[in-house]
Amino acid sequence: MAEAALRPKDYKSGLKPIWCPGCGHYAVLNGLVKALAALGLDRDRVALVSGIGCSSRLPAYVDSYGFHGVHGRGLAVAQGLAVARPDLAVIALGGDGDGFSIGGNHFIHACRRNVDITYIAMDNEVYGMTKGQASPTTPMDWDHSKLTPHGPGIRPFKPAALALAAGAPWIARGYSGNPNQLAKLLAAALEHRGFSFLHVLSQCITYCPEQTDWKAIVSEREDEPVTRADAAAQLFLAEDGFATGLLYAEPRTPWPPAAPAAVVDPRLAEAFRP
C-alpha cells in the first residue's frame, strides 16, 4: 500500500547535491521526486541504480533504495534487480558518457531485451566530472577542450535513433529547462510496462556555457507519439534532437515472458498416479 500523502520533498534524502550551479541535473532530481509523489509510490518500493559520472550521484539524493555501481554498468545491475524483484520500480540513471560510451553495449541490449525498467539518460554532451572532454554526443565542431582543440570531428550519436534501432519500445525526450514537462514525462516513463528510455537534455554551463542557448532551440512536440518503428526512424534521423515529449511508443510484452504452464505427457501422469 502506498504511503499516504507523500510530497515531493518527502522523497529527498536530505543530502545536499554537489552539482555545479546551473547544472541541469537539479531539474531531473526535482522532476523525479515530483513524479514519484504524483504516482504515490512507496519509497521502499523504488530502487535507483547508477554508474559513474555527475548524473550518477542522483541516487544519493533520493530517500529510496539505491545502488551506485561501476562505470557504464548501471543498466546491467538495474535489469538484474528488476527480474529478481519485479515488485520494485527500478530506475537506472546515467549520463551521455556512462550510457553511450563505456556503457553503450549495455544500452543496446537493454533496449532490445525490454525488461521493465526506466532509463534516464542525462545528456550534457560533455564529460563534466573529468573536466570537460568531448563525449559521444558532443557536436563535431565543439572546440572547448584542450584534447580536441579543433573539435572531435566525429558525428555525434543520436540517442533516440540508436534506442529505436536497438528495439526500445518507449522513447521520450525532456529538457531540464522545462521542469513541468520533464516531471510529466518521468511519471509516464515509470507507468510504462517495459523498457522506457527518457533522454534528457541536461545543460552543463560550467564547460558548455553556450548550452544556455538551448532554451531558444528546444521545442515541445505536440503530435501524438509515433507508433510504428519505420515512421519513428524517419523522424529521429531527420530531426535536430531538440524536440521534446513522448516521441515513440509501441506496446510490447516485457522480458521475461510469463512462464508457460507445465506440459506433462498424460501417460506419464497416469503412471505416477497414486
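Residues numbered from 1 in each chain as written. Predicted model: local features only at pLDDT ≥ 70, side-chain atom pairs only at ≥ 80, totals over all residues. Heavy atoms only, no water.

**Q** Can you break down the packing of helix α4 (residues 104–113) against helix α5 (residues 159–166) residue by residue, with the values?
**A** In the contact formed by α4 and α5, the axes pass within 7 Å of each other and the chain directions differ by 55°. Relative to α5, the element α4 is oriented oblique. For the crossing formed where α4 meets α5, the hand is right-handed. Seen from α4, the contacting residues are F107, I108, C111 and R112; seen from α5, they are P159, L162, A163 and A166. Of the residues in the contact of α4 with α5, the class split is seven nonpolar, no polar and one charged. (Axes fitted to C-alpha atoms, helices over the stretch in contact; angles between N-to-C directions. Helix = DSSP H or I, 4+ residues; strand = E, 2+ residues; numbered from the N terminus. Parallel < 35°, antiparallel > 145°, perpendicular 65-115°, else oblique. Left-handed = near helix turned anticlockwise from the far one by under 90°. Contact = heavy atoms within 4.5 Å. Nonpolar A, V, L, I, M, F, W, Y, C, P; charged D, E, K, R; others polar.)

**Q** Break down the side chain of H192 for me, with residues and values.
**A** Along the chain, H192 turns up in the loop between α6 (179–191) and β6 (196–201). Beyond its immediate chain neighbours, meaning those up to four positions away, H192 contacts D116, P169 and W170.

**Q** Outline the nonpolar core, listing residues and values.
**A** Ranked by internal contacts, the top residues of the largest apolar core, which has 32 residues, are L32, L36, L48, L58, I91 and I120. If we skip the residues at most four places from it in the chain, I91 touches L32, L36, V46, A47, L48, V49, T118, I120 and L190. Counting 30 residues, the second largest nonpolar core, distinct from the first, contains F100, C111, I117 and I171. (Core = buried A, V, L, I, M, F, W, Y, C linked by side-chain atoms within 4.5 Å. Buried < 20%, exposed > 50% of the residue type's maximum accessible area, 1.4 Å probe, protein only.)

**Q** I'd like a rundown of the sheet that holds strand β2 (residues 65–68), residues and numbers included.
**A** In space, the eight strands of this open sheet follow the order β2-β1-β3-β4-β6-β5-β8-β7, with mixed pairing throughout. Only two strands of the sheet have a single partner each, and these edge strands are β2 and β7 (219–220). Bridge count for strand β5 (residues 170–175) against strand β8 (residues 243–249) is four bridges, and the pairing is antiparallel. If you follow A172 over to β8, its bridge partner there is L246. Strands in contact with helix α8 (residues 229–238) are β5 and β8; relative to β8, the strand with the most contacts, it is inclined by about 160°. (Pairing = 2+ DSSP bridges.)

**Q** Give a detailed account of the pattern of salt bridges, specifying residues and quantitative values.
**A** Opposite charge on two side chains lets them pair, provided their charged atoms get close. Evaluated as defined, the whole model comprises eight salt bridges. The partner of R43 in a salt bridge is D63, and the shortest N-O contact between them spans 3.5 Å. Linking R43 in the loop between α1 (25–39) and β1 (46–50) with D63 in the loop between β1 and β2, this pair joins segments that are 20 residues apart in sequence. Under the relative-accessibility criterion, D63 is labelled partly exposed at 36%. One salt bridge connects D87 with R85, and the closest N-O pair in it is separated by 2.8 Å. Take R85: its relative accessible area is 35%, and that puts it in the partly exposed class. Linked through salt bridges whose partners overlap, the residues forming this network are R45, R85 and D87. (Salt bridge = Lys/Arg side-chain N within 4 Å of Asp/Glu carboxyl O.)

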